[in-house]
Amino acid sequence: MMKIALSSTSVRDYPNGVTPMQIAESIDTCLAKEVFSASVNGKMWDLLRPIYNDSSVRFYKWKDIEGKHTYWHSSAHLLAGALHSLYPNIRFGTGPAIENGFYYDVDLGDKFVIKDADFVFIENKMRELARKKIPICRRNITKQNALKLFKERGEIYKVELINKLENCEIVIYTQGDFIDLCLGPHLPNTSYIRSFKLTAVAGAYWNKDKKQKQLTRIYGVSFPSDKELNEYFALIDEVKKRDHRRIGKEMELFTFSSKVGQGLPLWLPKGTQLRLKLEDFLKKIQQKYNYQQVITPHIGNKMLYEISGHYAKYGENSFKPINTPEEGEEFLLRPMNCPHHCEIYKAFLRSYKELPIRLAEFGTVYRYEQSGELHGLTRVRGFTQDDAHIFCSPEQIKEEFVKVINIVHVVLHALNFNNYETQISLRNPNDKLKYIGSEENWKNAEMAILEVCQEKKIKAEIKLGEAAFYGPKLDFLIKDSLGRKWQLGTIQVDYNLPERFELEYIGNDNQKHRPVMIHRALFGSIERFVAILIEHSGGKFPLWLVPSQVVIIPVSEKYNQYAEKIAKKLYSQNIRVVVDNSNEKIGKKIRNNELRKIPYLLIVGKKEENNSKLVVSVRKHGVGNVGVVEVTNFVGDFNNELEKQIKYNSEI
RNA sequence: GCCUCUUUAGCUCAGUGUGGAAGAGCACGUGAUUUGUAAUCUCGUGGUCGUUGGUUCGAAUCCAACAAGAGGCUCCA
């Protein structure tokens, strides 16, 4: 007998070799039906895998991430099983569970291509295999046997994976004819997988390497019942309504033109108003933090980028140089603002007394992003960074870094972004050729970021290999409506560009010293920021951001729809309008300065006692109530009447 | 750039498999009605079917190229 701990208080005796499934059944038959996997002493475990030692056991159901992952991972195997029987000579790559569902990467050989239209056949085969209740069995074999097994089956990708593993026991799972190299855990059999759908097919490079073969990746989702599947797709539809491309079009914020070119956004009048408000907001905050605004040109001599190292790194894959009538004179559309700011620093002899120097610019830059990477406003070829460069002495780095972190927090909170992730991006220590600068500089820069984050108690994920080529960075990431993460704010410590541009200052020892540069952006790119702002707010921006002439406030939720309709009418008459149905007290908002600058408030839904008419009262800022429109009296004529009233009021 | 998919009215989309007079809903306009809180009903405007070329007696539909867009992959200074 062994002791199995099921919680901190419950320990039970079980015979040696008991499986989690048997334990679950002994507790409650309902539990046994709901569990998908378990963990034994913290290690993920199949339900049918025996336990031989005293252990603590936990169960995972659908509601647990671990349970979902087991379910999806086995779904990936079911998909693979179906493909295995449908496509001869198919070779399998990897097939994990992902955040929402699963995929499998396969090499179909030259003869076959999987298209969307094939999904039905594959799904049918999956359904057939699921109904057969095929056991999914775990086995341990030696590395040698594993290599032999997969070589015989022609599974070249699996062989490659096994070769990378240490010389120990290899875990494989069998499911009928289909055998996979896999650590598990898995569902006991295929019949667990009830409701599923293949969602997409895409190319994916083997080993995430562009130079290697592109495999076919098939994505799917699966659920324990149709109800959950339908709910999932309903949710996806709901989420798509928040897409910034859709809302941006509806609200007339921005557009694209194939004639202007891919990835080159055109800001419409309403979008420009919004953008200018955001820029003003940043300018004010930066002024408080003692930044100085500068303006530099959108192009620069090619030499400038050769010095910075950007040309060597990105030149070949970017917009080509612009030639002038002069022989050998070449300019580049600037892909970043740093070199320009370095030259501003260099315009004078600098003293340590001047430092830190903080130069800020809304700098428009142009980068030739791969066409397949372009995406609405989040990834474009021409965009404006809210860029700044801080030139400081090495001793000032930490203090300056902390100040930037503070300013990022202020800005994000002001715009209601309370859920963001932070990420420390360091060099990949195995691929130092990708980076410029000395070992010592990199060490200093990386240490500075790590220390500041530790001192500020910032919980940041550390990512190796994500650093910029000239320095490590701290990034602020926010998710879009589909859960994709985008980098907004970024802070980068850079010892290298000051060296390349030979930046100097005279220290109090009367000697020349090299300053350190901190690159930083709060929004990252204004385009991307607006996109994320739209998706977060669903187009309902904070009131102070909306350049509105009229704010419509329903007094209770009941009147929301009327408020929306009135708004739509006015909007179509080119009266700038916003509906505020946040249900906060109007007085409070006025006190908080949110509504101060907005000339008109329409307050909808005031009900008259006797005849139950809908009443809209018009309030002009500083004047109080200036008129009441009784809605039912103005069917058909309401808009004119309202307009008249607004005109009249504006003349007061 | 690579893989798969999409492009038809202002918007959302049918129609494409099997080639044979360009459709619906919303929006917009018009007329009726004033009632049950901006509704309901009538009629109507609106389209070189992304572009160019090919196959065909005939192409929105089949083929090719190009362009733009979507979801991935790779990339992201």
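This write-up is about the structure you can find in this document. (Residues numbered from 1 in each chain as written. Chains lettered and ligands numbered in written order. Predicted model: local features only at pLDDT ≥ 70, side-chain atom pairs only at ≥ 80, totals over all residues. Heavy atoms only, no water.)

### So, the overall build of chain A
- Broken down by element type, chain A carries 19 helices and 33 strands.
- Residue burial in chain A is summarised as follows: out of 652 residues, 50% are buried.
- When contacts within chain A are restricted to residue pairs at least 6 apart in sequence, long-range pairs at least 24 apart make up 67% of them.
- Looking at chain A as shown, the accessible area adds up to about 33500 Å², and 49% of this sits on carbon and sulfur atoms. (Helix = DSSP H or I, 4+ residues; strand = E, 2+ residues; numbered from the N terminus. Buried < 20%, exposed > 50% of the residue type's maximum accessible area, 1.4 Å probe, protein only. Contact = heavy atoms within 4.5 Å. Areas by Shrake-Rupley, 256 points an atom, 1.4 Å probe, with all protein chains shown as cover.)

### So, the packing of helix H5 (residues 143-152) against helix H6 (residues 156-164)
- Between H5 and H6, the least distance of the axes is 9 Å, while the angle of their chain directions is 165 degrees. Between H5 and H6, the interaxial angle falls into the category roughly antiparallel. Crossing of H5 against H6: the hand is left-handed. On the side of H5, the interface is formed by Lys-143, Ala-146, Leu-147, Phe-150 and Lys-151, while H6 contributes Lys-158, Val-159, Ile-162 and Asn-163.
- Grouping the constituent residues of the contact of H5 with H6 by class yields 5 nonpolar, 1 polar and 3 charged. (Axes fitted to C-alpha atoms, helices over the stretch in contact; angles between N-to-C directions. Parallel < 35°, antiparallel > 145°, perpendicular 65-115°, else oblique. Left-handed = near helix turned anticlockwise from the far one by under 90°. Nonpolar A, V, L, I, M, F, W, Y, C, P; charged D, E, K, R; others polar.)

### Concerning the sheet that holds strand S28 (residues 516-525)
- Pairing is mixed in the open sheet, where 8 strands are placed in the order S16-S20-S21-S28-S25-S24-S22-S23. Each of the sheet's edge strands pairs with one partner strand only, and the pair in question is strand S16 (292-293) and strand S23 (460-464).
- Bridge count between strand S24 (residues 473-479) and strand S25 (residues 485-494): 6 bridges; the pairing is antiparallel. Considered in S25, the bridge of Lys-473 is made with Gln-492.
- Across the sheet, helix H16 (residues 526-537) is in contact with strand S20 (357-366), strand S21 (382-392), S24, S25 and S28; its angle to S28 comes to roughly 40 degrees. (Pairing = 2+ DSSP bridges.)

### Considerations on the nonpolar core
- Leu-415, Phe-523 and Phe-529 are the most contacted members of the largest nonpolar core, which has 62 residues in total.
- Those residues in contact with Phe-523 that sit more than four places away from it in its chain are Leu-278, Phe-281, Leu-282, Asp-386, Val-411, Leu-415, Leu-488, Gly-489 and Phe-529.
- Val-18, Val-40, Phe-92 and Ala-97 belong to the second-largest nonpolar core, a separate cluster that totals 54 residues. (Core = buried A, V, L, I, M, F, W, Y, C linked by side-chain atoms within 4.5 Å.)

### Some remarks on the pairing of strand S13 (residues 214-223)
- With 8 of 10 residues buried, S13 lies mostly within the body of the structure.
- Relative to S13, strand S8 (residues 101-107) runs antiparallel, the two being bridged by 5 bridges. What sits directly across from Tyr-103, in S13, is Tyr-219.

### Structural notes on the sheet that holds strand S17 (residues 299-301)
- Within the open sheet, the 3 strands sit side by side as S17-S19-S18. Their pairing is antiparallel. The strands lining the two open edges of the sheet, one partner per strand, are S17 and strand S18 (322-323).
- Pairing between S18 and strand S19 (residues 330-333): 2 bridges, direction antiparallel. Counterpart to Ile-322 in the pairing with S19 is Phe-331.

### Focus on the side chain of Arg-528
- Secondary-structure assignment places Arg-528 in helix H16.
- This buried residue, Arg-528, is left without a salt bridge; Glu-369 holds the nearest opposite charge, at 6.7 Å.
- With sequence-adjacent residues up to four places away left out, Arg-528 is seen in contact with Leu-377, Thr-378, Arg-379, Trp-486, Gln-487 and Leu-488. (Lys, Arg positive; Asp, Glu negative; His and termini not counted. Salt bridge = Lys/Arg side-chain N within 4 Å of Asp/Glu carboxyl O.)

### Here we look at helix H4 (residues 119-131)
- For H4, built from 13 residues, the straight-helix expectation of 18 Å at 1.5 Å per residue is met to within 8% by its first-to-last C-alpha distance of 18 Å.
- By the burial criterion, the buried members of H4 are Phe-119, Ile-122, Glu-123, Lys-125, Met-126, Leu-129 and Ala-130. Looking straight down H4, one finds that the buried residues subtend no more than 160 degrees of arc, so they occupy a single side. Seen from the open side of H4, the exposed residues pointing more than 90 degrees away from its buried face are Phe-121 and Arg-131.
- Elements in contact with the buried residues of H4: helix H3 (65-86), strand S12 (195-205) and S13.
- Directly beyond the C-terminal end of H4, a positive phi value near 55 degrees is found at Lys-133. (Expected span 1.5 Å × (residues − 1). Arc of directions from axis to C-beta.)

### Considerations on the environment of Arg-217
- By the element assignment, Arg-217 lies in strand S13.
- For the pair formed by Arg-217 and Ala-82, sequence separation is 135 residues and the distance between their alpha carbons is 14 Å.
- The contact partners of Arg-217, leaving out residues within four places of it in the chain, are Tyr-103, Tyr-104, Asp-105, Ala-200, Val-201, Ala-202 and Ala-204.
- At a separation of 3.4 Å, a polar atom in the side chain of Arg-217 contacts the side chain of Tyr-103. (Polar contact = N/O pair within 3.5 Å; in protein donor to acceptor, adjacent residues only side chain to side chain.)

### With respect to the packing of aromatic side chains
- If you walk through the whole model with that rule in mind, you get 23 aromatic pairs.
- Ring geometry for Tyr-435 against Trp-442: centres 5.2 Å apart, planes inclined by 70 degrees, an arrangement best described as edge-to-face. Trp-442 matches Tyr-435 in its accessibility class, with the two residues each being buried.
- Members of the aromatic cluster, connected to one another through ring pairs, are Phe-36, Trp-62, Tyr-71, Trp-72, Tyr-192, Phe-223, Tyr-232 and Phe-233.
- The ring of Trp-62 carries the charged tip of Lys-68 above its face, separated from the ring centre by 5.2 Å. (Phe/Tyr/Trp six-rings, centres within 6.5 Å; stacked < 30°, edge-to-face > 60°. Lys NZ or Arg CZ within 6 Å of the ring centre and 35° of its normal.)

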